[in-house]
Amino acid sequence: MASSKPMTKPLPSATDVVRFWHQAGPERWFAKDDAFDADFRSRFETLHHHAATGALDAWAADAEGALALLVLLDQLPRNAWRGSGHMFATDGKARRIAEAAIEAGFDLAVEPALRPFFYLPFMHSESLADQERSVVLTSALDANTRRFAILHRDIVARFGRFPHRNASLGRDTTPEEQQFLDQGGFAG
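None of these values were measured; they are calculated from a predicted model.

1. Let's talk about the overall build of the protein chain
Here is step 1: In terms of regular secondary structure, the protein chain is built from 10 helices and 0 strands.
Here is step 2: Scanning the protein chain from its N terminus toward the C terminus, one meets helices and strands in the order α-α-α-α-α-α-α-α-α-α.
Here is step 3: If one aligns the C-alpha atoms of the protein chain with their principal axes, the spans along those axes are about 70 × 35 × 30 Å.
Here is step 4: In the protein chain, which comprises 188 residues, the proportion classed as buried is 44%.
Here is step 5: Of the roughly 9,900 Å² of accessible surface on the protein chain, 54% is carried by carbon and sulfur atoms.
Here is step 6: The centroid of the 21 positive side-chain charges in the protein chain is displaced by 2 Å from the centroid of its 25 negative side-chain charges.

And the structure:
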């Protein structure tokens, strides 16, 4: 007699997350691409929610697991929930994981192309101290990554936050911020 219990698909592993992200590559990491965003979300949304609730915290014990958590908590929300407050909902957890991973030297244990993902949680923060840390952390990376770290830091230094997030987070925009946005601002 066959079991009536439904078969559940096992969750992807940290290796699955890192492999997917690595294979996507720089041409997809920061581009707005609806098809890629949908694929990323469909593959890993459930895993993101497990990571957000702490169910995957044990992954933070090694470089690959920590990187997978950072992709799930810092990158996936920016792709899966563009334009909504959920984009930023797991930023604090991502920063805490990045802090511990860097302290453990895990950032230096991954290939250079993936190293920035240990530093992006600081670049995504609206804390000036985190922004300063991002600039320091990215100083040994490629010029483009350093340029974006400085750009992010300068916006937070000027406004105390990222004005392009105001609508998503239900915040009022100051006249100075609106002028910045109207002149091209920063939408990243």
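2. As for the packing of helix 6 (residues 116-123) against helix 7 (residues 128-137)
Here is step 1: Following both chains from N to C, one finds helix 6 and helix 7 inclined at 155°, their axes separated by 7 Å at the closest point. Judged by the angle between their axes, helix 6 and helix 7 are roughly antiparallel. The interaxial crossing formed by helix 6 with helix 7 has left-handed handedness. Residue-level inspection shows Tyr119, Phe122 and Met123 of helix 6 in contact with helix 7, the latter providing Asp130, Gln131, Arg133, Ser134 and Leu137.
Here is step 2: A per-class count over the contact of helix 6 with helix 7 returns 4 nonpolar, 2 polar and 2 charged.

3. Some remarks on the nonpolar core
Here is step 1: Membership of the largest hydrophobic core comes to 46 residues, with the highest contact counts inside it found for Trp21 and Phe118.
Here is step 2: Looking at this core, the elements with two or more residues in it are helix 1 (14-24), helix 3 (34-53), helix 4 (63-80), helix 5 (91-103), helix 6 and helix 7.
Here is step 3: In this structure Phe118 touches Ala63, Ala66, Leu67, Leu70, Ala98, Ala101, Ile102, Phe106, Asp107 and Val110, once residues within four positions along its chain are discounted.
Here is step 4: Counting residues in hydrophobic clusters, the runner-up holds 6 residues, among them Val156, Phe159, Phe180 and Phe186.

4. Considering the packing of aromatic side chains
Here is step 1: This structure, assessed with the given rule, holds 14 aromatic pairs.
Here is step 2: On the numbers, 5.2 Å between centres and 65° between planes, the contact of Phe20 with Phe44 is edge-to-face. Placement of Phe20 in helix 1 and of Phe44 in helix 3 is noted, with a sequence separation of 24 residues between them.
Here is step 3: With a relative accessible area of 10%, Phe20 lands in the buried category.
Here is step 4: Residue Phe44 is classed as buried on the basis of its relative accessible area, which comes to 4%.
Here is step 5: On the numbers, 6.4 Å between centres and 55° between planes, the contact of Phe148 with Phe186 is tilted. Of this pair, Phe148 sits in helix 8 (residues 143-159) while Phe186 sits in the segment after helix 10 (175-182), and the two are 38 residues apart along the sequence.
Here is step 6: Through pairs of rings, three or more aromatic residues link up here, namely Phe20, Trp21, Trp29, Phe30, Phe36, Phe40, Phe44 and Phe117.
Here is step 7: A cation sits over an aromatic face here: Arg133 above Phe122, 4.9 Å from the ring centre.
Here is step 8: The side chain of Arg147 reaches across the aromatic face of Phe148, ending 4.4 Å from its centre.

5. Quick word on the packing of helix 5 against helix 6
Here is step 1: As a packed pair, helix 5 and helix 6 sit with axes 9 Å apart at the nearest point and diverge in direction by 135°. On the basis of their axis angle, the class for helix 5 and helix 6 is oblique. Like other packed secondary-structure pairs, helix 5 and helix 6 cross with a definite hand, here left-handed. Facing helix 5, whose interface residues are Ala94, Arg95, Ala98, Glu99, Ala101 and Ile102, helix 6 presents Phe118, Tyr119, Pro121 and Phe122.
Here is step 2: Its residues assigned to classes, the contact of helix 5 with helix 6 comprises 8 nonpolar, no polar and 2 charged.

The rules behind the values
- Residues numbered from 1 in each chain as written.
- Predicted model: local features only at pLDDT ≥ 70, side-chain atom pairs only at ≥ 80, totals over all residues.
- Heavy atoms only, no water.
- Helix = DSSP H or I, 4+ residues; strand = E, 2+ residues; numbered from the N terminus.
- Buried < 20%, exposed > 50% of the residue type's maximum accessible area, 1.4 Å probe, protein only.
- Areas by Shrake-Rupley, 256 points an atom, 1.4 Å probe, with all protein chains shown as cover.
- Lys, Arg positive; Asp, Glu negative; His and termini not counted.
- Charge placed at Lys NZ, Arg CZ, Asp CG, Glu CD.
- Axes fitted to C-alpha atoms, helices over the stretch in contact; angles between N-to-C directions.
- Parallel < 35°, antiparallel > 145°, perpendicular 65-115°, else oblique.
- Left-handed = near helix turned anticlockwise from the far one by under 90°.
- Contact = heavy atoms within 4.5 Å.
- Nonpolar A, V, L, I, M, F, W, Y, C, P; charged D, E, K, R; others polar.
- Core = buried A, V, L, I, M, F, W, Y, C linked by side-chain atoms within 4.5 Å.
- Phe/Tyr/Trp six-rings, centres within 6.5 Å; stacked < 30°, edge-to-face > 60°.
- Lys NZ or Arg CZ within 6 Å of the ring centre and 35° of its normal.

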